[in-house]
Amino acid sequence: MSGLGSQIFFILKCLGATLCISALYSLCAAVTRRKDLPPGPKGAPFFGNGLQLPKLDQHLKMTEWARQYVRYIPAWMPGMDFKRSAAIARKAIRDMEEIPYRNVMQEMANGIVKPSMATRLIDRCLKDGVLNAQDQRDIEGTVGSLYAAGTDTTMAPLLVFMLMMSRHPDMLEKIQDEITRVVGQSRLPDFEDRASLPYLECVLREAYRWCPVAPIIPHQSMEDDVYRGYYIPNKAVILLNAWAMSRDPEVYPEPDVFKPERFLSQNGAVSDLHDPRKFVFGFGRRICPGRYFADATIWLAVASIAATMDMRQAVDSQGETITQISRFVSGIVMELEPFLCDIRPRSEKSLQLISGMGNTTEY
Ligand code: HEM
């Protein structure tokens, strides 16, 4: 198919095969009165627009039209399910932003609030005068988006760590020996110990690599560009494939195998050469701003878990190991589905250390 035929086919495809042509037509006819529609033959602007599709970069024009038109198509129409989902998602996002903010304000009023990013931002606005509606919206959005961006993402490598430690108790034992040697058993590992725990570092890096949290990272170009001979037009969507980077056998031999030693150099030090943190947190201007916070949080969690817990694969009532296939939740973030494993405190001393953790909430 070529020329106009392919253009109309393209239009229909974009609207979804289920969209009724006559309904679409009357809808478009109804909206011809609006000023912001692009020109087309009277009464049939949509098909008229089809005639105006440029030969090159048709997708850009289609996107522009979709932005203009789709808002006029009612959510009840076939093919518009995404509009209904968007309304549900919009409400969920607003709740996520507003409810914690309201709680913080309530706790501030009652004088029982703990300091946090939200309280600091609120305090700063109050110090400069009043907290107006725009300030409130900004604080809700800022704190809410960090919460959304940092929750599942931080959880994902932790789950990989738990899965792998339960499957490879030998690796966990190696980490525990390292911690006992460097930290002892009377306290939990802390950030000052990090550089002295190379094997733990390798395990964490392998958890990042084995399952990159965001396997595909979308960006958009802001101007025409040429990269290694490839022409990239302005506004092109570029999908950065972190998954492929994590599976490059030239960089990571046997990429599907969980092998922390791959990050150890010959002298036993951790090599930064192929550190997966160089790609799992994204790239350039949009690189994850929470990466240092996330990496520190995850390190502290895995170090504390390894210091105090033993993990094994779960067994059934007959004592047989329960073999499970690891599955991932479908979504933007690659997160493991729940899995069974057997977790126990290593000793009485570990139990004391764990219960002592709850007492360190001052900050
Ligand atoms: C293991 C944990 C995390 C991973 C793997 C991760 C990964 C990513 C990736 C791949 C992006 C997109 C970067 C790009 O477009 O090039 C991103 C964006 C972002 N991340 Fe993270 N992230 C993690 C934790 C966090 C945490 C804890 C926070 C905040 C507390 C956070 C806040 C954000 C924000 C605000 C953005 C959007 C930045 C922008 O669009 O300019 N992330 N993250």
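Residues numbered from 1 in each chain as written. Predicted model: local features only at pLDDT ≥ 70, side-chain atom pairs only at ≥ 80, totals over all residues.

Per an unreviewed UniProt entry, the recorded name for the protein chain is Cytochrome P450, and the organism is Fomitopsis schrenkii. On record in UniProt, under Pathway (unreviewed entry), the comment for the protein chain is "Secondary metabolite biosynthesis." Its UniProt record gives the protein chain the following Cofactor (unreviewed entry) comment, quoted word for word: "heme". (UniProt positions renumbered as here; feature names shortened; annotations may be inferred.)

Caption draft 1: Broad picture of the UniProt feature "binding site: heme" (unreviewed entry) in the protein chain. Within the UniProt annotation, "binding site: heme" (unreviewed entry) is assigned to Cys-288. Relative to the assigned elements, Cys-288 resides in the loop between helix H11 (277-280) and helix H12 (291-308). By C-beta crowding, Cys-288 is classed as buried, having 20 other C-beta atoms within 10 Å. (Helix = DSSP H or I, 4+ residues; strand = E, 2+ residues; numbered from the N terminus. Buried ≥ 20, exposed ≤ 12 C-beta atoms within 10 Å, placed from the backbone.)

Caption draft 2: Region of interest: the packing of helix H7 (residues 133-167) against helix H9 (residues 198-210). Running from N to C, H7 and H9 cross one another at 110 degrees; their axes reach a closest spacing of 9 Å. Considering their axes alone, H7 and H9 lie roughly perpendicular with respect to each other. Regarding H7 and H9, the two cross each other, and that crossing is right-handed. Contacts between H7 and H9 involve Pro-157, Val-160, Phe-161 and Met-164 on the former and, on the latter, Ala-207, Tyr-208 and Trp-210. Residue composition of the contact of H7 with H9, by class: seven nonpolar, no polar and no charged. (Axes fitted to C-alpha atoms, helices over the stretch in contact; angles between N-to-C directions. Parallel < 35°, antiparallel > 145°, perpendicular 65-115°, else oblique. Left-handed = near helix turned anticlockwise from the far one by under 90°. Contact = placed C-beta atoms within 7 Å. Nonpolar A, V, L, I, M, F, W, Y, C, P; charged D, E, K, R; others polar.)

Caption draft 3: Inspection of the site of the ligand at higher detail. Residues in close proximity to the ligand total 22 residues, the closest being Ala-149, Gly-150, Gly-282, Cys-288 and Gly-290. Counting residues per element, the ones that place at least two in the shell around the ligand are H7, strand E1 (216-220) and H12. Of the residues forming the shell around the ligand, the biggest block, seven residues, is contributed by H7. Looking at the shell around the ligand residue by residue, the class counts come to 14 nonpolar, seven polar and one charged. (Near = placed C-beta within 6 Å.)

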